[in-house]
Structures are given as structure tokens and as C-alpha cells.
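# What the coordinates show
Here's the letter readout for the chains.
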Amino acid sequence: AELAANRSSNQELTPGMRAAICTLVAAGQSERSVATLFGVSRHAVTNSIELWKTQRTFDSKARSGRPEALTRAEKRYIILLVKKNRDLAKKALVNTIGKKISPSTI
């Protein structure tokens, strides 16, 4: 239960939690009891076991998709600039940040 204490409800399982889940299931505990113990769904327990069986790792797989064009800090900086000067043009923003951005990014 200590392993699940710092985890919020929609957060990913850590490799340590996955290892502990697989160890308990291999020791004979049911998936349902392990899910209750860690405060996760039974599906998450099943996925952890399946990950170990197929990949032989407890690490998360890489996610597909394009990475964000701007970091959170850069987006906050843009918002701050616009709040200070509402007449600031997009071109000036691009020159300030030094990255190419599309209109949908802002």
C-alpha cells in the first residue's frame, strides 16, 4: 500500500509498482486482491503482468505521436507577453521565442 500512496488516480504505474504487482501475483495472490491493495483497476494489474510476459520489462513503452512544438514554459511566456502588450504581432512572438509555430499552436 505504501507504493500506491504517492500516486494520483489517473497517473501511470511506476516500474517499481509493476514489479511488486507481478511478484505478488506470481506468489499466488489473485489479481483482484492485488488491484485492491495497490488501489488500481484489475485491468491495470493484468496489463502489468502482460507487459512483463511479452516485453520482459517493467518500463513504460514510448508513446506514438508528434511531440509538442512548445514547452509549457514557452506557452506561459507567450501568454505573459501578450498580456503585457496586446498589440504584439505573431511575427514578433516568433522572433522572441526563436521557434517556428503555426497559428493553431497559440
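The name given to the chain in an unreviewed UniProt entry is Transposase, and the organism recorded there is Lasiosphaeria miniovina.

Another aspect to go through is the overall build of the chain. Of regular secondary structure, the chain possesses five helices and zero strands. Taking all 106 residues of the chain together, 24% fall into the buried category. Counting only contacts in the chain whose residues sit at least 6 apart along the sequence, the fraction spanning at least 24 positions is 41%.

Attention now goes to the packing of aromatic side chains. Inspection of the entire model under this criterion finds one aromatic pair. Seen in terms of ring centroids, Trp-52 and Phe-58 are 4.5 Å apart; in terms of plane orientation they differ by 10°. Their pairing is stacked.

Parameters and conventions
Residues numbered from 1 in each chain as written. Predicted model: local features only at pLDDT ≥ 70, side-chain atom pairs only at ≥ 80, totals over all residues. Heavy atoms only, no water. Helix = DSSP H or I, 4+ residues; strand = E, 2+ residues; numbered from the N terminus. Buried < 20%, exposed > 50% of the residue type's maximum accessible area, 1.4 Å probe, protein only. Contact = heavy atoms within 4.5 Å. Phe/Tyr/Trp six-rings, centres within 6.5 Å; stacked < 30°, edge-to-face > 60°.

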